[in-house]
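The primary structure of each chain is shown beneath.
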Amino acid sequence: MNILVTGGAGFIGGNFVQFMVDKYPNYNIYNLDLLTYAGDLTKHKHIENKGNYQFIRADITDRETIISLFEQKQFDYVVHFAAESHVDRSITDPGIFVKTNVVGTQVILDASKAINLTKFIHVSTDEVYGELDFDPTTFFTEETPLQPNSPYSASKASSDLLVRAYHETYGLPMNITRCSNNYGPYHFPEKLIPLTISRVLNNEKVPVYGDGKNIRDWLHVIDHCAAIDLVLHKGLNGEVYNVGGHNERTNLEVVKTIIQALGKSDNLIEFVKDRLGHDKRYAIDPTRLEKLGWKPTYTFETGIAQTIQWYLDNKEWWEQIISGEYQNYFEKQYSIEE
Ligand code: NAD
Ligand code: DAU
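Note that the structure is predicted; figures quoted are calculated from it, not measured.

Mind showing me how you'd approach the packing of helix H6 (residues 192–201) against helix H8 (residues 251–261) here?
Relative orientation and spacing of two packed helices are given, respectively, by the angle between their axes and the distance between those axes. The geometry of H6 relative to H8 is characterised by a closest axis approach of 10 Å and an angle of 35 degrees between their N-to-C directions. For the element pair H6 and H8, the recorded crossing hand is right-handed. Taken together, the residues of H8 that come into contact with H6 (itself represented by Leu192, Ile193, Thr196, Ile197 and Val200) are Asn251, Val254, Val255, Ile258 and Ile259. In the contact of H6 with H8, the residues fall into eight nonpolar, two polar and no charged.

In structure tokens, the structure reads:
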């Protein structure tokens, strides 16, 4: 069985590649990635010589290369993670989000429909549904209308619609998964949780947008990987699956939990200018996926403790990131007094 994973050098794709290489020694796992600022291969050192793993450096928007690769390899499954993923960057520079997330997905879809693919898994996000208000009894279901608010989520919603259209028009077998906020090992330190851990460890201020009351629904990345594995093998053709474990927290709660776990003071919190169009609340109803047999293994408490420990044990990984080009990004994005 040949499985192509796009974006397998990033955070979730990287965890998924390792999960699949370990779990299925008889599958051939191909990791296709351009290695943008968000991609890194050092995380795969321990699997790079395994017989069931191969890396391919390519750009999903490079039609000629992608089409000929698919003709050559005749993949059975495609699990499509590759994307620009950071909302703040999409507010500053939407163009690359349309190119990678919309045009890139269309290229991968064209290549997929040209071969005898068993299934295309499109890894999407709860952000395509827009935002919920603070009423804790309301959730995103698969029937919630798509109402994306940021250039990032608009580009993801557009790619979801293309995947749906290729299923309806050309009969491409597919599933779309829409997951809530992930956290865990190898999370790039521009995102809230790894940003907080790395800055608290360095005794630096943590920027909290607005009043910190926005709510996200957090899921450990391994539980997301297990969900995708299940959908790949058992998902009903054409179905959308929401992925989330009912772990709603305000941003302030998340930041305070990390500060407390690291034995530091809340004085490190700095309220900064709010994100433009900042979605108030996300919360997933995962009933359909649970009926398929999925159950998360981490609570937020066990997951965040494991993640903090991982960042303590793997300082060289994130220190190498925050000392490079990332510094320029940080200074442009925030104006924090140290
Ligand atoms: P990430 O930014 O960590 O990784 C993205 C990867 O895609 C990187 O390795 C990058 O090099 C690669 N890539 C970017 N442009 C490419 C191109 N043109 N060609 C080939 N590769 C390219 O992202 P992530 O957080 O791991 O998210 C992965 C996917 O999961 C995305 O599609 C995202 O929308 C979705 N998702 C993320 C979350 C989350 O909380 N992070 C939640 C739900 C869904
Ligand atoms: O919901 C799934 C989505 O989760 C994914 O589709 C995206 O790819 C992923 O990046 C994530 O998007 P968010 O915008 O929710 O994640 P982020 O970590 O950027 O922000 C989480 C919350 O924390 C959000 O309400 C904004 C806030 N925040 C973020 C940063 C980076 C801050 O208060 N300060 C910050 O410095």
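Is there a simple way to explain the site of ligand 2 in this structure?
What surrounds ligand 2 is a group of 24 residues, the closest being Thr125, Asp126, Tyr152, Arg275 and His278. Measuring from an oxygen atom of ligand 2, one finds a side-chain N or O atom of tyrosine 152 at 2.6 Å. Summarising the interface, the protein chains cover 94% of the accessible area of ligand 2, which totals 690 Å² for the free molecule. Going through the elements one at a time, helix H3 (87–92), H6 and strand E8 (206–209) are the ones with two or more residues in the shell around ligand 2. With three residues, the single largest contributor to the shell around ligand 2 is E8. By residue class, the composition of the shell around ligand 2 is 10 nonpolar, seven polar and seven charged. Of the domains in this structure, domain 1 (2–182 + 219–243) and domain 2 (184–216 + 247–273 + 298–325) are the two that each give at least three residues to the shell around ligand 2.

Just checking my understanding: could you explain helix H7 (residues 221–234) for this structure?
Two residues of an α-helix separated by three or four positions point the same way, owing to the 3.6 residues in each turn. Its 14 residues place the ends of H7 20 Å apart at the C-alpha level, agreeing with the 20 Å of an ideal helix rising 1.5 Å per residue. Among the 14 residues of H7, 10 are classified as buried, and the element is accordingly described as predominantly covered.

Explanation requested: the site of ligand 1 in the structure shown.
Not every one of the 29 residues close to ligand 1 is listed here, only the nearest: Ile12, Asp33, Ser85, Tyr152 and Lys156. In this structure, an oxygen atom belonging to ligand 1 sits 3.0 Å away from a main-chain N or O atom of threonine 36. A distance of 2.6 Å separates an oxygen atom of ligand 1 from a polar side-chain atom of lysine 156. Across the complex, the protein chains shield 96% of the 840 Å² of accessible surface that ligand 1 would expose by itself. Listed by contribution, the elements that provide at least two residues to the shell around ligand 1 are helix H1 (11–23), strand E5 (119–125), helix H5 (151–170) and strand E7 (181–183). Top element by residues in the shell around ligand 1 is E5. It accounts for three residues. Class assignment of the residues belonging to the shell around ligand 1 gives a composition of 14 nonpolar, 11 polar and four charged.

How do you make sense of the nonpolar core when you look at a structure like this?
Soluble globular proteins: nonpolar side chains tend toward being buried together. Among the nonpolar cores identified, the biggest contains 34 residues, and Ile193, Ile197, Ile258 and Tyr326 are the most heavily contacted of them. For this core, the secondary structure elements donating two or more residues are H6, E8, H8, strand E12 (269–272), helix H10 (300–313), helix H11 (315–322) and helix H12 (326–333). In contact with isoleucine 197, other than residues within four places in its own chain, are Ile258, Leu262, Thr307, Ile308 and Tyr311.

Is there a simple way to think about unusual backbone geometry in this case?
Across the chain, the bulk of peptide bonds are trans and the bulk of non-glycine residues have phi less than zero. Phi at glutamine 74 takes a positive value of approximately 50 degrees, unusual for a residue other than glycine. As for its position among the elements, glutamine 74 is in the loop between helix H2 (63–73) and strand E4 (77–80). According to the relative accessible area criterion, glutamine 74 is partly exposed, its value standing at 41%. The backbone of tyrosine 186 shows a phi angle near 65 degrees, a positive value even though the residue is not glycine. With respect to the helices and strands, tyrosine 186 occurs in the loop between E7 and H6.

Definitions and limits used
- Residues numbered from 1 in each chain as written.
- Chains lettered and ligands numbered in written order.
- Predicted model: local features only at pLDDT ≥ 70, side-chain atom pairs only at ≥ 80, totals over all residues.
- Heavy atoms only, no water.
- Axes fitted to C-alpha atoms, helices over the stretch in contact; angles between N-to-C directions.
- Helix = DSSP H or I, 4+ residues; strand = E, 2+ residues; numbered from the N terminus.
- Left-handed = near helix turned anticlockwise from the far one by under 90°.
- Contact = heavy atoms within 4.5 Å.
- Nonpolar A, V, L, I, M, F, W, Y, C, P; charged D, E, K, R; others polar.
- Near = heavy atom within 4 Å.
- Polar contact = N/O pair within 3.5 Å; in protein donor to acceptor, adjacent residues only side chain to side chain.
- Areas by Shrake-Rupley, 256 points an atom, 1.4 Å probe, with all protein chains shown as cover.
- Domains from an automatic or database assignment.
- Expected span 1.5 Å × (residues − 1).
- Buried < 20%, exposed > 50% of the residue type's maximum accessible area, 1.4 Å probe, protein only.
- Core = buried A, V, L, I, M, F, W, Y, C linked by side-chain atoms within 4.5 Å.

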